[in-house]
Amino acid sequence: MQPHENSGAFIFRNGRVLDPSRTIDRIADVLVVDGRIAEINAGLDIGGISERARTIDATGKWIVPGLIDMHVHLREPGEEYKETIASGTAAAVAGGFTGIACMPNTHPVNDCAAITQFILERAKYYGSCRVFPVAAISRNLEGNNLAEYGELRDAGAIAVSDDGRPVVNALLMRRALEYAQTFDLLVIAHSEDPTLSGGGLMNEGEISTRIGLRGIPNAAEEVMIARDLLLAELTGGRLHIAHVSTAGSVHLIRSAKSRGISVTAETAPHYFTLNDELISGFDPVYKVNPPIRSLKDIAAIKEGLADGTLDAIASDHAPHSVVEKDLEFEFAANGMIGLETSLPLALELVREGVISPLQAIAKMSFNPAAILKIPFGTLRKGAPADLTIIDPDLEYVIDVNRFRSKSRNCPFHGRAVKGRAIMTLVDGRLAFSE
Amino acid sequence: MGFNRKDLLGIRDLEVSEIEHILELAQSLKEINMRAIKKVPTLRGKTVIHLFYEPSTRTRTSFDIAAKRLSADTYSIAGSTSSMVKGETLLDTLKNLEAMRPDVFVVRHSASGAPHMLARNTDASVINAGDGMHEHPSQALLDMLTIIEHKKRLDGLNVVIVGDIFHSRVARSNIWGLNKMGAKVTVCGPTTLIPPKIETMGAQVSYKLDQCLADADVIMVLRLQKERQQQMLLPSLREYSTYFGISPQKLAKTRPDVLIMHPGPINRGVEISPEVADGPYSVILDQVTNGVAVRMALLYLLAQR
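## Focus: the nonpolar core
No. 1: Counting 95 residues, the largest nonpolar core has Ile100, Tyr149, Met173, Leu239 and Ile241 of chain A as its most contacted members.
No. 2: Here this core spans two domains, since at least three of its residues come from each of domain 1 (9-63 + 383-433) and domain 2 (67-372) of chain A.
No. 3: With residues near it in sequence (within four places) discarded, Ile241 of chain A still touches Ala189, Ser191, Ile225, Ile253, Val263, Thr264, Ala265 and Glu266 of chain A.
No. 4: By size, the runner-up hydrophobic cluster in this structure holds 64 residues, among which are Val40, Val48, Ala67 and Ala129 of chain B.

## A look at the packing of aromatic side chains
All names here are of chain A.
No. 1: Tallying each qualifying case throughout the model produces 5 aromatic pairs over all chains.
No. 2: Here the aromatic rings of Phe132 and Phe376 are separated by 5.8 Å at their centres, their planes lie at 45°, and the arrangement is tilted. Within this pair, whereas Phe132 is found in strand E8 (residues 130-135), its partner Phe376 is found in the loop between helix H13 (357-372) and strand E16 (387-397), the two being separated by 244 residues in sequence.
No. 3: Residue Phe132 is classed as buried on the basis of its relative accessible area of 10%.
No. 4: Aromatic side chains Tyr149 and Tyr179 sit 5.4 Å apart centroid to centroid with 45° between the ring planes, which places their arrangement in the tilted category. Pair noted here: Tyr149 is in helix H3 (residues 149-155) and Tyr179 is in helix H4 (residues 170-182), with a separation of 30 residues, a long-range link.
No. 5: Since its relative accessible area comes to 0%, Tyr149 is described here as buried.
No. 6: Take Tyr179: its relative accessible area is 33%, and that puts it in the partly exposed class.
No. 7: Members of the aromatic cluster, connected to one another through ring pairs, are Tyr149, Tyr179 and Phe183.
No. 8: Between Arg420 and the ring centre of Tyr396, over which it is positioned, the NZ or CZ distance is 5.8 Å.

## Here we look at the interface of chain A and chain B
No. 1: At the interface, 16 residues of chain A touch 26 residues of chain B.
No. 2: Overall, the association of chain A and chain B removes approximately 1700 Å² of surface from exposure, summing both partners, and the carbon and sulfur fraction of that is 60%.
No. 3: Three residues, Thr209, Arg210 and Glu328 of chain A, lead the burial of chain A against chain B; their summed loss comes to 35% of the area buried on that side.
No. 4: Where chain A meets chain B, there are 0 salt bridges.

## Notes on the pairing of strand E2 (residues 73-78) of chain B
Along a regular strand, successive side chains alternate from one face of the sheet to the other.
All names here are of chain B.
No. 1: Strand direction decides the pairing type here: strand E1 (residues 47-52) and E2, joined by 6 bridges, are parallel. For His50, the partnering residue across the bridge sits in E2 and is Ser76.
No. 2: Regarding the hand of the β-α-β motif, the stretch spanning E1, helix H2 (residues 58-69) and E2 is right-handed.

## Here we look at the domain arrangement of chain A
Residue and element names in this part refer to chain A.
No. 1: For chain A, the domain assignment lists domain 1 (9-63 + 383-433) and domain 2 (67-372).
No. 2: Here domain 1 meets domain 2 over a buried area of about 3300 Å², counting both sides, of which 66% is carbon and sulfur.
No. 3: Counting across the domain 1 and domain 2 interface gives 3 salt bridges.
No. 4: Two residues, Arg130 and Asp427, come together in a salt bridge whose shortest N-O distance is 3.3 Å.

## Things to note about the pattern of salt bridges
For side chains of opposite charge, pairing can occur when their charged atoms come near one another.
No. 1: Here the structure, examined in full by the defined rule, presents 35 salt bridges over all chains.
No. 2: Salt-bridge contacts for Arg139 of chain A lead to Glu148 of chain A; the nearest nitrogen and oxygen are separated by 4.0 Å.
No. 3: Between Glu54 of chain B and Arg108 of chain B there is a salt bridge, with the nearest N and O atoms lying 3.8 Å from each other. Of the two residues, Glu54 of chain B is situated in the loop between E1 and H2 and Arg108 of chain B in strand E3 (residues 104-109); the sequence distance between them amounts to 54 residues.
No. 4: Judged by its relative accessible area of 5%, Arg108 of chain B falls in the buried class.
No. 5: Taken together, the shared-partner salt bridges in this structure form one network comprising Arg130, Asp386 and Asp427 of chain A.

## A few points about helix H10 (residues 284-303) of chain B
Residues and elements named next belong to chain B.
No. 1: Its 20 residues give H10 an end-to-end C-alpha distance of 29 Å, which sits within 8% of 28 Å, the value for a rise of 1.5 Å per residue.
No. 2: A maximum bend of about 25° is found in H10 at Asn290.
No. 3: Most of H10 is tucked away: 15 of the 20 residues are buried.

## Points about the sheet that holds strand E13 (residues 239-241) of chain A
All names here are of chain A.
No. 1: If you walk across this open sheet you meet the 8 strands as E6-E7-E8-E9-E10-E13-E14-E15, and the pairing is parallel. The two strands at the open ends of the sheet, each matched to only one other strand, are strand E6 (67-72) and strand E15 (312-313).
No. 2: Taken together, the 3 bridges between strand E9 (residues 159-161) and strand E10 (residues 186-189) define a ladder with parallel strand orientation. Looking at E10, one finds that Val160 is bridged to Val187.
No. 3: Sheet strands in contact with helix H2 (residues 113-126) are strand E7 (97-102) and E8, and its direction is about 170° off that of E8.

Quick notes on the rules
Residues numbered from 1 in each chain as written. Chains lettered and ligands numbered in written order. Predicted model: local features only at pLDDT ≥ 70, side-chain atom pairs only at ≥ 80, totals over all residues. Heavy atoms only, no water. Core = buried A, V, L, I, M, F, W, Y, C linked by side-chain atoms within 4.5 Å. Buried < 20%, exposed > 50% of the residue type's maximum accessible area, 1.4 Å probe, protein only. Domains from an automatic or database assignment. Contact = heavy atoms within 4.5 Å. Phe/Tyr/Trp six-rings, centres within 6.5 Å; stacked < 30°, edge-to-face > 60°. Helix = DSSP H or I, 4+ residues; strand = E, 2+ residues; numbered from the N terminus. Lys NZ or Arg CZ within 6 Å of the ring centre and 35° of its normal. Buried area = accessible area lost by both parts, 1.4 Å probe. Salt bridge = Lys/Arg side-chain N within 4 Å of Asp/Glu carboxyl O. Pairing = 2+ DSSP bridges. Right-handed = clockwise from strand over helix to strand, strands pointing away. Expected span 1.5 Å × (residues − 1). Bend = angle between axes of the 7 residues up to and from the residue. Axes fitted to C-alpha atoms, helices over the stretch in contact; angles between N-to-C directions.

What follows is the structure, given as structure tokens:
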């Protein structure tokens, strides 16, 4: 992210300002000067600044804190043919995101300060938005020894995770939750018991039986979440559960929160939008881990979002090329991209009445920022001018050929949706506009 | 009604009238296999490629004989000799073979859905000769033909499928087909080998072999692969055989006209005792004979398209 060469001033007139950090939902003007939020009020008189301020009529639009996706795979270093920091962050700002957390399962793995620094350097020069590296829990994601959390934190890592793989060894998970507290790092869990999910290709149930694909039972996720909740209680470490997909997981997390355990959780749009019936045609675009589940699970995920059990919506953006995806279902890679579709899918929940506009924005900006302890996700006066303008009524059909991402593995291609980011400001600089 | 599909991928997709049409045609073609000169010119000039990514003796030979008796030219590509070992993807293999203008691909693959992916990507016809744990439609059709020959009907019959239902494409195709044709299907085996929610496919579930054998008109015995012990699905083949193996003692209380079927290959002494496999109720070799006729019918219907 280059320092602001075009960081003039912006005045957004007459928009619906949604700022979950202060529970604000009202019509107002927003003034941005020198990369900061300068003022928010109705009928702002901007006096002397008006000369150099660009005026944008935001009537009918939402003005929200820049969205933050806390679960993204950028693939750089190592798999640049799938995505790069440049292409991934370009996709992010097109989707309304001003900050993204990138997972460490690159090649080489982000398990040492040098890789974290490399990612941040690349992001500085080639990135369109802020990048927050998540480092590995264990060296080389092997689940044997802790990575060097102190050096990683000092290099700029904001959390640790072995995402893509579970931490099988309970003692290692205990140590990670303990040691991470030394450096105030969040521990993000990919919750899966591989002995229960082993060889599974999709949700276990009626459809897996019918089409003869090995199933992954809900319990494969829930067993691990239950373990990690107990370990979080034991250690007092900050635990975040990634990509929650089952009704039972929502139940476990809800009850843990009510007992005061320090846990937060996210789900991804595909877990509240897609069900396993879609796999009947064997299209690997629907193959993802954890797998898309049943309608009953979808209903529970929505309840979890509504009552706050699930704090964040994150895309788990996982780019793959045709080399990994154009194969027999069994051999195709897990994962789907989501940076450019998360927002319209979250807005479907708003129109369904599952969550309010303010809740949706909280789960995609303020909450992930709070979980990661980064000073964004707010429109407070003086805060960095990371903000997103959303047209909630814009109707269009999702077309992967228009994506900024290098990959096309998106199950929502062809879906008619409503609402998208039309302007994204990062640090007061116009990073995207349509 | 005839049969106007490009592909035959599964029994679940078929209408009752289509199943009837295939079975009637198979019955009429069966006579060719009894002649001294077992060949007709029907598919002369047509090209059939057998694409077998999983070991198979019976099914591949059966399809090959069926195609040759109809005068089609056939080519076999087996898993071990195929370019797949060189790292070529299934779709690339398909595109290369398609460039040689075949009319029909007969596909066997260990991955469920592989024939479906091929069918979407070629103008040639695709016959699913068994995909993973999903479907094996020609097997279900030959099973139905065999039952009809002995029982003169399918409607109202009690069919019990015994054994490893979980991993069986034969069971799945038969559940669909027999249900469509009015038979009542019960699946029976240890809980670990019965897949979840199988009843939603239209099968009743029983864990008590004696109870379901009493009313059975047909008993389909499935092969039990020996690896199932290593997968913690069974404690031992001995215990399996004791409770679910079909022995003369277990048949003592069955109907006198019960049919014993098995899709092969048989593990003698595990899921079926030699006395039963070779005994008076067994129609196992009739199944193999009918397999050629059913596959002739399928190749005829698809290649003539």
